[in-house]
Amino acid sequence: MTEVKQDGFLALYQRNIGRVYQICRLHLKNNADAEDAAQTVFLNYWKTKPQFRDEEHEKAWFIVASRNQSRDMLRQWWRCHRADSTELENAAHWDSHEDCELLKALLALPSRCKDVMYLYYYEGYATREIAQMLECSDSAVRSQLCEGRKKLKLSLGGEYEAVTGSV
């Protein structure tokens, strides 16, 4: 491998590793599995070497690849036959008590809501962009955001009040 290729991959890795790891950790709920999934995502990138139109296309590819890899790992036989780990709650990224409570509530959401909430609030994507990435309708994304907000608010001890206006 030449130094130019190595530097290009390293830059791509550094741009995307945080996002890939967070998405994997959100789905898999423990650091070790998230690390394995993140490595697999980058290994798959290395094997296929997809060409990206721009930085947004690259970002979207890694988000979808992370989500798909996490789902594949969750479907594996051995995942159903082992003890669940609570290691995620103790992760350094979630230092404050409020963050830990929010993380627990977010992890309790259905998978479809977790993805949409993460992409909308943490990654800053618009509902139209999320719909394209997840291959669903814009209205489905808005419904999942609404459902996720409602469930989060109720699980965090608040009363749900419908918010009017577009997402």
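Conventions we followed
Residues numbered from 1 in each chain as written. Predicted model: local features only at pLDDT ≥ 70, side-chain atom pairs only at ≥ 80, totals over all residues. Heavy atoms only, no water. Phe/Tyr/Trp six-rings, centres within 6.5 Å; stacked < 30°, edge-to-face > 60°. Lys NZ or Arg CZ within 6 Å of the ring centre and 35° of its normal. Salt bridge = Lys/Arg side-chain N within 4 Å of Asp/Glu carboxyl O. Helix = DSSP H or I, 4+ residues; strand = E, 2+ residues; numbered from the N terminus. Buried < 20%, exposed > 50% of the residue type's maximum accessible area, 1.4 Å probe, protein only.

Scanning the model with the defined rule gives 14 aromatic pairs in all. Ring geometry for Tyr 45 against Phe 52: centres 6.0 Å apart, planes inclined by 15 degrees, an arrangement best described as stacked. Lying across the ring of Trp 46, Lys 49 places its NZ or CZ 4.2 Å from the centre.

Let us look at the pattern of salt bridges. Counted under the stated rule, the structure contains eight salt bridges. Its salt-bridge partner being Arg 71, residue Asp 115 comes within 3.4 Å of it at the nearest N-O pair. Placement of Asp 115 in helix 6 (residues 111-122) and of Arg 71 in helix 3 (residues 55-75) is noted, with a sequence separation of 44 residues between them. Residue classification places Arg 71 among the partly exposed positions, given a relative accessible area of 25%. Two residues, Arg 142 and Asp 138, come together in a salt bridge whose shortest N-O distance is 2.8 Å. With a gap of four residues between them, Arg 142 and Asp 138 both fall in helix 8 (residues 138-155), about one helical turn apart. When its relative accessible area of 32% is taken as the criterion, Arg 142 is described as partly exposed.

Peptide bonds are, in most cases, trans, and in most cases residues other than glycine have a negative phi. Residue Lys 29 is not a glycine yet carries a positive backbone phi of 65 degrees. Checked against the element boundaries, Lys 29 lands in the loop between helix 1 (3-28) and helix 2 (31-48). The backbone of Glu 135 sits at a positive phi, close to 55 degrees, despite the residue not being glycine. Tracing the backbone shows Glu 135 in the loop between helix 7 (127-134) and helix 8.

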